[in-house]
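The lines below spell out each chain.
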Amino acid sequence: MVETKKIAFYLGCALPSAQLFGEAAGKIVLKDLGVEPLDIEGATCCPDPEISRTVAPELWVTMAGRNIALAEKMDVDVFTVCNGCYDTLTHAYHMLSEDEQLNRKVNENLMKFGIQYQGKHRVLHAIELLYDVIGLDRIKKQIKRKLTGVRVGIQYGCRIRLNPKKELVRKFRELVEILGCEVVDLESDRICCGVPMMYKDQKKALAQTKTRLDDMVKHNVDCIVLFCPACYDRLEKGQLELNQQGGDYDIPVFNYFELLAYCFGHEPDEFGAYLHKLDYEKIFEKAQSGGKS
Amino acid sequence: MADTDDQKVLFYDPELCSGCSYCMLACSYEHFKVLDYELSNLWIYPDPQRPFYYIGIHCSHCDDPICKAACPVEAISKGEDGIVNIDQNKCIGCRSCNIMCPISVPWKNLERRVSFKCDFCKGDPKCAKFCPTGAISVKTRKEARELASKLILKAEAKSK
């Protein structure tokens with residue numbers, strides 16, 4: 001195992017603005033695991049691997065290169081929880097490493113900011129950081145209480161399937177399993193949460209989210225766990241929107257770091273779980289009662 | 001013309017598709033500079049027979065394209081690279097190609113009054129480039145045929 005003492009935490013857009021509990025829990029958990037997460041000063045939107053990359057590819061790769069270069073300035077690897085940010089940063093990393101002409105052009109632009117993209121450090125997903133760098137054994141040693149009897153549905157998100165060799169889906173499932181909960185595998189695990197449809201057709205997006213949520217309800221899922229803040233946004237807001245239309249959805253959604261922090265013995269208030277818009281407390285109550293709700 | 005086995009085609013893998021439909025938006029942006037499902041040259045639909053699966057409909061750039069044969073004004077051609085294109089300057093919007101294609105790939109743009117279809121984005125299809133799961137990819141026709149056969153066998157085994 002490679003010992004990583006410090007790592008840059010690329011927060012992306014949603015975590016430091018709308019999902020503070022994800023950022024806070026991540027920092028708490030990593031400190032417990034002996035890893036110091038560093039903020040990247042001046043980091044911007046990744047930018048997103050869909051619209052920005054489609055509409056302005058050169059600006060997209062320059063901004064992504066700048067974000068990586070800012071982390072490189074601190075001489076550390078960088079990790080992110082967001083599947084979209086991960087896709088953008090790894091894509092840009094490979095493009096800038098393989099295309100000399102593009103690399104020169106991007107670096108000419110970055111010189112204006114006094115930074116250079118070198119490609120010396122790795123871009124990791126939080127799954128890779130936890131599973132490959134820190135390791136399951138080290139995580140298991142920190143677990144003080146488990147989510148016994150809690151039925152957890154995993155929202156993997158689209159983009160972590162892009163590189164099947166990295167096996168991020170399997171690794172994420174194992175990371176959830178060690179929390180002692182009951183992982184509910186569903187056929188709908190593979191479908192999109194609806195985020196990309198929000199750009200054009202909100203009704204279509206909500207219908208997609210509903211398809212996913214209905215399968216969770218059908219299989220008595222207690223809560224949803226994920227890393228991707230975009231999926232978080234859609235699955236939580238989707239429930240609130242559906243409830244406004246007469247639905248009765250109440251499946252709390254958690255960033256994986258939150259559940260890990262709870263299992264490490266931290267109280268939900270420590271990482272700001274009270275900012276959730278759905279009833280999250282019932283999950284921890286169920287865990288404390290050994291699965292009886 | 002490119003050897004038919006070596007011709008580059010799109011390959012859609014329903015096992016990987018999450019139904020996000022971003023391919024359709026990327027396609028519309030490439031061709032019309034707007035993000036609009038109505039202006040896409042390929043379509044992703046929920047599979048009515050398999051819950052949580054999708055069907056991708058896209059041009060196969062057939063060896064002997066029936067859309068080309070059906071066009072009364074020879075607006076459709078098959079290039080040296082095997083790509084089947086519609087020349088919108090020649091198209092009269094009669095919809096013969098739309099009707100004759102077995103999967104109705106060519107579609108009529110009612111605003112412009114002519115038909116459109118996949119033009120393979122000059123060899124770099126944006127649907128494949130932006131697919132977040134790798135469900136749409138560029139393969140040779142031979143590779144695509146082999147992969148499709150495997151998928152069919154897998155689906156048949158599953159249904160037994």
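Residues numbered from 1 in each chain as written. Chains lettered and ligands numbered in written order. Predicted model: local features only at pLDDT ≥ 70, side-chain atom pairs only at ≥ 80, totals over all residues.

Draft legend 1. Examining the overall build of chain A more closely. Assigned secondary structure in chain A consists of 13 helices and eight strands. Over its C-alpha trace chain A gives a radius of gyration of 19 Å, about what one expects of a compact globule, namely 19 Å for 293 residues. Overall, the C-alpha framework of chain A stretches about 60 × 45 × 35 Å when taken along its three principal axes. Per-residue burial over chain A gives 46% buried out of 293 residues. Partitioning the intrachain contacts of chain A with sequence separation of at least 6 by distance along the chain shows that 79% fall at a separation of at least 24. (Helix = DSSP H or I, 4+ residues; strand = E, 2+ residues; numbered from the N terminus. Rg over C-alpha atoms; globule rule 2.2 N^0.38 Å. Buried ≥ 20, exposed ≤ 12 C-beta atoms within 10 Å, placed from the backbone. Contact = placed C-beta atoms within 7 Å.)

Draft legend 2. Molecular detail of the sheet that holds strand S1 (residues 6-10) of chain A. All names here are of chain A. The strand order across the open sheet formed by four strands is S2-S1-S3-S4, and the pairing between neighbours is parallel. Looking at which strands have only one partner, the edges of the open sheet turn out to be strand S2 (36-39) and strand S4 (123-125). Here the average twist between neighbouring strands, direction ignored, is 40°. The strands that helix H4 (residues 57-73) touches are S1, strand S3 (78-80) and S4; relative to S1, the one it contacts most, it runs at about 155°. (Pairing = 2+ DSSP bridges. Axes fitted to C-alpha atoms, helices over the stretch in contact; angles between N-to-C directions.)

Draft legend 3. Layout of the packing of H4 of chain A against helix H5 (residues 83-98) of chain A. All names here are of chain A. Where H4 meets H5, the closest approach of the two axes is 9 Å, and the angle between their N-to-C directions is 95°. With respect to each other, H4 and H5 are oriented roughly perpendicular. Between H4 and H5, the residues in contact are Val61, Ala64, Gly65, Asn67 and Ile68 and Thr88, Leu89, Ala92, Tyr93, Met95 and Leu96, respectively. Here the contact of H4 with H5 is built from residues that sort into eight nonpolar, three polar and no charged. (Parallel < 35°, antiparallel > 145°, perpendicular 65-115°, else oblique. Nonpolar A, V, L, I, M, F, W, Y, C, P; charged D, E, K, R; others polar.)

Draft legend 4. Quick peek at the sheet that holds strand S7 (residues 223-226) of chain A. All names here are of chain A. The strand order across the open sheet built from four strands is S6-S5-S7-S8, with neighbouring strands paired in parallel fashion. Either end of the sheet is taken by a strand with one partner, and the two such strands are strand S6 (182-184) and strand S8 (253-255). Taking the axes of each pair of neighbouring strands and ignoring which way they run, one obtains an average angle of 40° across the sheet. One ladder, built from three bridges, connects strand S5 (residues 151-155) with S6; its direction is parallel. Looking across to S6, one finds that Gly153 is bridged to Val184.

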